[in-house]
Amino acid sequence: MPYHAQFNRDPAASATSSLIAQLPSGDVRKWLDERALRGWIESIRHAFRSLGLIASDTLAGLAGVYTALETWPLVSNGGLRPVPNEVPMLAMVFCLQPLALVMMDAYKGGRARTHFGRIAAGIGIAAVLGWIQARLFVFVPPLPDKAAFVYSAVLICMYACLARLAIDIVIAVLYRRGVLQRRVLVIGSAQDVQELRARSA
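Residues numbered from 1 in each chain as written. Predicted model: local features only at pLDDT ≥ 70, side-chain atom pairs only at ≥ 80, totals over all residues. Heavy atoms only, no water.

### Digging into the overall build of the chain
For clarity, the threshold we go by: We count a stretch as a helix when DSSP gives it H or I for four or more residues in a row; a strand needs E for two or more, and each element gets its number in order from the N terminus. Exposure is judged per residue with a 1.4 Å probe applied to protein chains only, and the accessible area is read against the type maximum: over 50% gives exposed, under 20% gives buried, and values in between give partly exposed. Contacts are residue-level and defined by heavy atoms, with any inter-residue pair within 4.5 Å sufficient. We get accessible surface area from the Shrake-Rupley algorithm with a probe of 1.4 Å; when it comes to residues, only the shown protein chains can shield them.
Within the chain, the regular secondary structure consists of six helices and zero strands. The secondary structure elements of the chain, listed N-terminal to C-terminal, are α-α-α-α-α-α. A buried classification covers 25% of the 201 residues belonging to the chain. Nonlocal contacts in the chain, meaning residues at least 24 apart in sequence, comprise 71% of its contacts between residues at least 6 apart. Accessible area of the chain: about 13700 Å², with a carbon and sulfur share of 67%.

### Brief notes about unusual backbone geometry
With phi around 60 degrees, D105 is a residue other than glycine that occupies positive phi space. Here D105 lies in the loop between α3 (86-103) and α4 (116-137). D105 sits in the partly exposed class, given a relative accessible area of 33%.

### A few points about the packing of α4 against helix α5 (residues 146-176)
Rule in force here: Fitted lines through C-alpha atoms give the axes, limited to the stretch in contact for helices. The angle between two N-to-C directions lies from 0 to 180 degrees. Relative orientations are named as follows: roughly parallel for angles under 35 degrees, roughly antiparallel for angles over 145 degrees, roughly perpendicular for angles from 65 to 115 degrees, and oblique for any other angle. Crossing handedness is read from the near helix: turned anticlockwise from the far helix by less than a right angle, it gives a left-handed crossing, and turned clockwise, a right-handed one. Asp, Glu, Lys and Arg are counted as charged, while Ala, Val, Leu, Ile, Met, Phe, Trp, Tyr, Cys and Pro are counted as nonpolar; the rest, among them Gly, fall into the polar class.
Packing of α4 against α5 brings their axes to within 9 Å, and their N-to-C directions diverge by 150 degrees. Our classification of the angle between α4 and α5 gives roughly antiparallel. Between α4 and α5 the crossing geometry is right-handed. Of the residues in α5, those in contact with F116, I119, A120, I123, A127, G130, W131 and A134 of α4 are K146, F149, A153, I156, C157, A160, C161 and R164. Its residues placed into classes, the contact of α4 with α5 shows 13 nonpolar, one polar and two charged.

### Some words on a nonpolar patch on the surface
Defined as follows: Without a salt bridge and with relative accessible area above 30%, a residue can belong to a patch; like charges are then joined within 9 Å and nonpolar side chains (Val, Leu, Ile, Met, Phe, Trp, Tyr) within 5 Å. Note on definitions: salt bridges are taken to be side-chain nitrogens of Lys or Arg within 4 Å of carboxyl oxygens of Asp or Glu.
A surface patch of nonpolar side chains, amounting to about 490 Å² of accessible area, comprises V128, L129, I132, L136 and F137. The topology assignment puts V128 in helix α4. For V128, a relative accessible area of 47% corresponds to the partly exposed category.

### Some words on the pattern of salt bridges
For the structure shown, the criterion picks out three salt bridges. Salt-bridge contacts for D105 lead to K108; the nearest nitrogen and oxygen are separated by 3.9 Å.

Put into structure tokens, the structure is as follows:
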């Protein structure tokens, strides 16, 4: 065999052997399965976060409405304002309040979860729309009064903020104990890392 033919064949053989040595030992199709699983886990995590916040806001709304009814003599102007009908305010809590908070991005993670401005704006919008809805569709006296919606909205905002602060404290404690943490690779400065932690918590 000519020497030049042997010389030309050796590089091809070495390249083939190096390629075989670098082949993965596992099934590469599982990589896509792992990626899909991570996506599902993240979606489930977001769903549970939103459901938890909606549940806490609804409980805060119920507490605010019934606290307003029980303490109505404080704002009834000496009995001139009758005790309001609770049905329009409950409709505001169950139907309008979640939509208004979604519109204000109050169900996102991180600082948005406890942002007082977003929570107050969402509950205020729900109160205004609830009062308009009650004036249009409630025909059983006593007709809903603006003071009832304003008073209940203030109480709901207070209860909702306290509930969200409690949830945020619980999540912070769980993170310190290593629960609910996610491992990611971040390339950037220390400030970028802190902003990412605050936004994704």
